[in-house]
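Chain residues, written in single-letter form:
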Amino acid sequence: MYFDAYCAVLAGGVGRRFWPASTPDRPKQFLPLSGSIPLIDQTLKRASALVGGSRVRVVASERLLNPMHPLVHETGARELVEPQARGTGPALVWAASEIEREAPGSVMISLHADHRIEPESGLQETLQPAVEAAREGYLCCVGVRPDRPESGYGYVEVGSSLSSGARAVARFVEKPDPETARTYIESGRFLWNSGIFVWRAADLLAAARKHARELAAAWPALQRGDAREFFARAEASPIDVCVMERADRVATVEARFTWDDVGVWDALSRARGVDDAGNATVGDTRLLEATDNVVWAETRRATVIGVSGLVVVEANGELLVMPREEAARLDAHLRRLEAD
């Protein structure tokens, strides 16, 4: 059973957090990080199951959409070519404008192309009250109950109950330090912001027109349907900052599924599982007296002996070896290396 809605799939990316396996031409959604098929394949099947393939819109640059053509065609989805990367704020406002122009009054679900969601049935159950809240005029985000003090995620403080079954949002908090994150978990009032959103396209546009000053100079181009000019004039901004944190009617629903944004190499142990020694492996690997490692091998066999807590990645003619605790800082390390 489909939701009477459209679904925008954000499928951009710069390909740095899973280097060297990910590259600008093969960002992480093209990698099989949480199963035997790439994340983008999982997501497009997920979106099609929610709303029907013909109402799925895939948002990405032309360079990234080209390798997706066969899968997009297979699912019946349509492509929205992003002229340049400006973050999720401009991308989702533009997608909402296109959907509202095509089908006024429609509800819009926003998914990322590179998240792990299990089971799929749990997503459908979660979205039921979110869609109801959207029909009542709320901008709704899906929150996830934290199981660790994660400082790499944004948080949502939950407020009062709504008739739809959703909860009002008291406030958004961007990536707290570990100690603050621990107090959030202990309070029981905070959820991770998953980046999955549900709203009526027209309501998002109205909120963006009122609150997103980053898009003010680009608004005339949006109204004309001039995507190139809109993205040229829009300031880069995440939707959480330019709209959600400033909007008046914002709600959240708690996820009834296991979620991971699969953001860094360390997450592979959650996404792909581990052996009895705590090692997560992909490809042709051999491990002996090795524990709690993440090992990824694409073209050669990787043999790992007598070490613990490492990330070892062989891909695209490169070899990466680093402690697992450095995985979240990989992008910063790469920038330092490129600057030398």
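Cut-offs applied
Residues numbered from 1 in each chain as written. Predicted model: local features only at pLDDT ≥ 70, side-chain atom pairs only at ≥ 80, totals over all residues. Heavy atoms only, no water. Core = buried A, V, L, I, M, F, W, Y, C linked by side-chain atoms within 4.5 Å. Buried < 20%, exposed > 50% of the residue type's maximum accessible area, 1.4 Å probe, protein only. Helix = DSSP H or I, 4+ residues; strand = E, 2+ residues; numbered from the N terminus. Contact = heavy atoms within 4.5 Å. Pairing = 2+ DSSP bridges. Axes fitted to C-alpha atoms, helices over the stretch in contact; angles between N-to-C directions.

1. Concerning the nonpolar core
Stage number 1. With 52 residues, the main nonpolar core has V58, M68, L127 and V198 as its most contacted residues.
Stage number 2. Looking at this core, the element that brings in the most residues is helix α5 (residues 120–135), giving 6 residues.
Stage number 3. With near-sequence residues (within four places) excluded, V198 lies in contact with V107, M108, I109, L127, A130, V131, A134, Y138, L139 and C140.
Stage number 4. Counting residues in hydrophobic clusters, the runner-up holds 42 residues, among them A91, L139, V156 and V243.

2. Thoughts on unusual backbone geometry
Stage number 1. Cis geometry is found at the peptide bond from W19 to P20, where omega equals 5°.
Stage number 2. Looking at the secondary structure, you find P20 in the loop between β1 (5–10) and α1 (39–51).
Stage number 3. The step from E118 to P119 runs through a cis peptide bond, and the omega angle for that step is -5°.
Stage number 4. Mapped onto the fold, P119 is located in the loop between β5 (116–118) and α5.

3. Considering the sheet that holds strand β14 (residues 294–297)
Stage number 1. The 4 strands are arranged β12-β14-β16-β17 in an open sheet whose pairing can be described as mixed. Taken across any chain shown, the strands that pair with only one partner, and hence form the sheet edges, are β12 (280–282) and β17 (318–323). Averaged over all adjacent pairs, the angle separating strand axes in this sheet is 5°, with direction ignored.
Stage number 2. In this structure, β12 lies alongside β14, joined through 3 bridges in parallel fashion. Its bridge partner being in β14, V282 is matched across the sheet by W296.

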